[in-house]
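An overview of the molecular structure
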Amino acid sequence: MKFALALLLLSFVATVSAEGSFPHGPNLDETPGSLCANSRQRRYPEKIVYCERSVDSYLKNAIIQKYDRLFDYSIRSMKRLDFKVDHLIPLCAGGSNNEDNLWPQHKSIYAITDPIEPLLCEKMQQGKLLQAEAVKMIIEAKTNLNMVPAVMKRLKSL
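Below: a short report on this structure. (Residues numbered from 1 in each chain as written. Predicted model: local features only at pLDDT ≥ 70, side-chain atom pairs only at ≥ 80, totals over all residues. Heavy atoms only, no water.)

This brings us to helix 6 (residues 148-157). Of all the residues in helix 6, the buried ones are Val-148, Val-151, Met-152 and Leu-155. Seen end-on, helix 6 carries its buried residues on one side only, within an arc spanning 100°. Across helix 6 from its buried face, at more than 90 degrees, point the exposed residues Pro-149, Lys-153 and Ser-157. Where the residues of helix 6 are buried, they touch helix 3 (107-113), helix 4 (116-125) and helix 5 (131-143). (Buried < 20%, exposed > 50% of the residue type's maximum accessible area, 1.4 Å probe, protein only. Helix = DSSP H or I, 4+ residues; strand = E, 2+ residues; numbered from the N terminus. Arc of directions from axis to C-beta. Contact = heavy atoms within 4.5 Å.)

Structure follows, in structure tokens:
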């Protein structure tokens, strides 16, 4: 049993070193999330403030560099097209374009979490989900990928 566990760990380490390392979720100390505050646009029955997408290349690169430097990732040495700079709290849920709401997300991670966002915002539009609960659900899913199926199930049941 110990041998199998050690072999599995070595396999994981080899994969990480061969492909580079990247975050599997946002670091909440650096990316706690923030809501849009500077917009006249309002959405949904709750009238949440909505910001248009506005993140320039300089900020995206700075966020990638910060995550590499602070957490010893190797995002900059990987294919840039394999990453997006994700809004922790999605714009459709009232998230901001501020640095504290942005983190580098690998395609293997956003393939898991992105399907939540349209459903989450659809429920907000229908008045079945308030922003505070939506924010809690999306952060739960993005910081713990094992929770994605449960979050999807909760959203579908609303």
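There's plenty left to go through after this.
Turning to the state of the cysteines, a few remarks are in order. Per the stated rule, a full pass over the model turns up 2 disulfides. Here Cys-36 connects covalently by a disulfide to Cys-51, the sulfurs 1.8 Å from one another. Handedness here is read from the sign of the S-S torsion; for Cys-36 and Cys-51, about 80°, the answer is right-handed. Taken as a pair, Cys-36 in the loop between helix 1 (2-19) and strand 1 (42-43) and Cys-51 in the loop between strand 2 (48-49) and helix 2 (57-71) lie far apart in primary sequence, 15 residues in all. Overall, Cys-36 belongs to the buried group, its relative accessible area being 8%. A sulfur-sulfur separation of 1.9 Å characterises the disulfide bridge that pairs Cys-92 with Cys-121. For the disulfide bridge between Cys-92 and Cys-121, the dihedral angle about the S-S bond is near 70°, and by the sign convention the bridge is right-handed. With Cys-92 in the loop between strand 3 (83-87) and strand 4 (102-106) and Cys-121 in helix 4, this pair connects stretches of sequence that are 29 residues apart. When the cysteines engaged in disulfides are numbered in sequence order, the protein pairs them as 1-2, 3-4. (Disulfide = S-S within 2.5 Å.)

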